[in-house]
Amino acid sequence: LLARLRNGCGLALLDAAGPPIRSNPSFQRFFGRSPDELRGCTMADLEHPDDAAVDRASFVSLLGGRTAEVRAEKRFLRSDGSTTWGTLTLSSTRGATDGASLVLCMIEGANERRSAEQALRESQDLVATAFRATAFSPAALHCSRPAIIR
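The sections below set out a description of the structure shown in this document.

Parameters at a glance
Once a new chain begins, its residue numbering starts again from 1 and follows that chain's sequence as written. Residues qualify for local features only when their pLDDT is at least 70, as the model is predicted, and side-chain atom pairs are given and counted only at 80 or more; totals for whole chains, interfaces and linings, by contrast, use all residues. Processing note: side-chain calculations cover all non-hydrogen atoms of the structure and skip hydrogens and water entirely. A pair of strands is treated as paired once DSSP finds two or more bridges between them. Helix and strand definitions follow DSSP, with helices as H or I runs of at least four residues and strands as E runs of at least two, each counted in order from the N terminus. Stacked, edge-to-face and tilted labels apply to pairs of Phe, Tyr and Trp rings (six-membered ring for Trp) whose centres lie within 6.5 Å, assigned for plane angles under 30 degrees, over 60, and everything in between, in that order. When accessible area is computed with a 1.4 Å probe and restricted to protein chains, residues below 20% of their type maximum are described as buried, those above 50% as exposed, and intermediate ones as partly exposed.

1. Thoughts on the pairing of strand 1 (residues 10-15)
The two faces of the sheet receive side chains in turn, since in a regular strand these alternate between them. Two strands pair when backbone bridges link them, and strand 1 and strand 5 (residues 101-109) are joined in this way by six bridges, in the antiparallel orientation. Each residue of the ladder has a partner; that of Gly10, found in strand 5, is Ile107. Judged from the three bridges that link them, strand 1 and strand 2 (residues 20-23) form a sheet pairing that is antiparallel. Residue pairing across strands places Ala12 opposite Ser23, the latter belonging to strand 2. Between strand 1 and strand 2, which follow one another and run antiparallel, lie four residues, and Gly18 among them has a positive phi close to 110 degrees.

Right, here's the structure in full:
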């Protein structure tokens, strides 16, 4: 099923130790790794080092049944060493045949949204600075009667 889900979110099935057992092409593209390369990695190997310790505690809590779902926006490492942002959702389940703990991992890229949010903040700061630097303010721009321009 995961292999047929080619577009959209990256999906992977993780075992209790953390390596992806199965993943879809979107998951593989997100990390820039083949399925075989991913099977040799734990999620801690794929996470930015500054985010890994907190996420390990969340993963243990998820496997222990104390948490139903973990969701976080964080940095990940691609195979070329670059950092990319993604929204990670983890949900625990049990294997149908052996009852072993498994984790469904969903990841969505967040670089474009974060860049757009940053551009919006910078634009808002620029407009605010321009208003402070002039005699005009939003209140001064309000007209009680609309002007007629011919």
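2. Digging into the packing of aromatic side chains
Applying the stated rule across the entire model yields four aromatic pairs. Centroid distance Phe30 to Phe31: 4.9 Å. Interplanar angle 85 degrees. Geometry classified as edge-to-face. Taken individually, Phe30 and Phe31 each receive the classification buried, so the pair is uniform in this respect. Summarising the aromatic geometry, the rings of Phe31 and Phe76 are spaced 5.6 Å apart at their centres and angled 85 degrees between planes, so their arrangement reads as edge-to-face. Remark: Phe76 occurs in strand 3 (residues 69-77) and Phe31 occurs in helix 1 (residues 25-31); sequence separation between them is 45 residues. Three or more aromatic residues link up through ring pairs in this structure, and these residues are Phe27, Phe30, Phe31 and Phe76.

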